[in-house]
Amino acid sequence: MTISLTSLMSVHRELDALFLYHQRALLHLDSALALTALQRYEDELLRHMKDEEDLLLPIYSQRSEYPAVGAPKLFIDEHEKMRAHIEVLKDATADLADADDIERSVLRILGHEAFYLRLSSHHDNREGTYLYPLLDAVLSADERLDLLDRVWQGSELRQTANI
Ligand SMILES: [Fe+2]
Ligand SMILES: [Fe+2]
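Now for a look at the structure at hand. (Residues numbered from 1 in each chain as written. Chains lettered and ligands numbered in written order. Predicted model: local features only at pLDDT ≥ 70, side-chain atom pairs only at ≥ 80, totals over all residues. Heavy atoms only, no water.)

Taken together, Glu 52 (OE), His 79 (NE2), His 123 (NE2) and Glu 127 (OE) make up the protein donors of the iron ion (ligand 1), found 1.9 to 2.2 Å from the metal. Coordination at the iron ion (ligand 1) is irregular, judged from the four donor atoms that bind it and the angles of 80 to 168° they form at the metal. Positions of the donor residues of the iron ion (ligand 1), expressed as sequence spacing, correspond to E-x26-H-x43-H-x3-E. In this structure His 123 comes out as buried when scored by relative accessible area, which is 2%. (Donors = N, O, S within 2.8 Å, 3.2 Å for Na, K, Ca; no water. Tetrahedral: all angles 85-135°; square planar, octahedral: opposite > 155°, others 65-115°. Buried < 20%, exposed > 50% of the residue type's maximum accessible area, 1.4 Å probe, protein only.)

Let's shift gears to the coordination of the iron ion (ligand 2). In this structure, His 12 (NE2), His 48 (NE2), Glu 52 (OE) and Glu 127 (OE) serve as the protein donors to the iron ion (ligand 2), at separations of 2.0 to 2.1 Å. Coordination at the iron ion (ligand 2) is irregular: its four donor atoms span angles of 81 to 167° at the metal. We note that the donor set of the iron ion (ligand 2) lies within a single chain, spaced as H-x35-H-x3-E-x74-E. Between the two metals, the iron ion (ligand 2) and the iron ion (ligand 1), the spacing is 3.2 Å, and Glu 52 donates to both. Of this pair, His 12 sits in helix α1 (residues 10-27) while His 48 sits in helix α2 (residues 31-63), and the two are 36 residues apart along the sequence. Given the relative accessible area of 5%, His 12 is considered buried. (Helix = DSSP H or I, 4+ residues; strand = E, 2+ residues; numbered from the N terminus.)

So, about the packing of α2 against helix α4 (residues 102-138). The packing of two helices is summarised by the inter-axis angle and the distance between the axes. It is the contact of α2 with α4, at a shortest axis distance of 11 Å, that shows an interaxial angle of 40°. Two packed elements cross with a definite hand, and for α2 against α4 that hand is left-handed. Contacts between α2 and α4 pair Tyr 41, Leu 45, His 48, Glu 52, Leu 56, Leu 57, Ile 59, Tyr 60 and Arg 63 from the former with Tyr 116, Ser 120, His 123, Glu 127, Tyr 130, Leu 131, Tyr 132, Leu 134, Leu 135 and Val 138 from the latter. For the contact of α2 with α4, the residue count by class is 13 nonpolar, three polar and three charged. (Axes fitted to C-alpha atoms, helices over the stretch in contact; angles between N-to-C directions. Left-handed = near helix turned anticlockwise from the far one by under 90°. Contact = heavy atoms within 4.5 Å. Nonpolar A, V, L, I, M, F, W, Y, C, P; charged D, E, K, R; others polar.)

Okay, here's the thing in structure tokens:
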């Protein structure tokens, strides 16, 4: 079996599933569940971003020959934007409990979330095109295994990953 860091891309699919769970709760006007689900999504998202920023991107910066569209700063900047969007969405979801017109408020949140999801999907595609495959190309099998070990040690999602 080839050891590949692209197996970590399964985290993106798990994150998408958690976000969808949050959106389902919104559609059912269950503001408490929507907020809990969004917080869970945020926890996992931050953990994943930290792994990328602390473990993967430093090596990528030093050793990979990336093109301008795959520059490390772009990934960091996108992480920052995504974190900021999630903060706004959490506040808006928390405010639903006191909303005068909850359907209207939910529609506004879903509109914002459509924008967020495009940003997130663009980011995931960029990582899938540059970060993960270019890292694979410069790392030995032992180095890849070591990195995977360190990432999965801290993740609750590792049981569902196909590695
Ligand atoms: Fe990322
Ligand atoms: Fe990622």
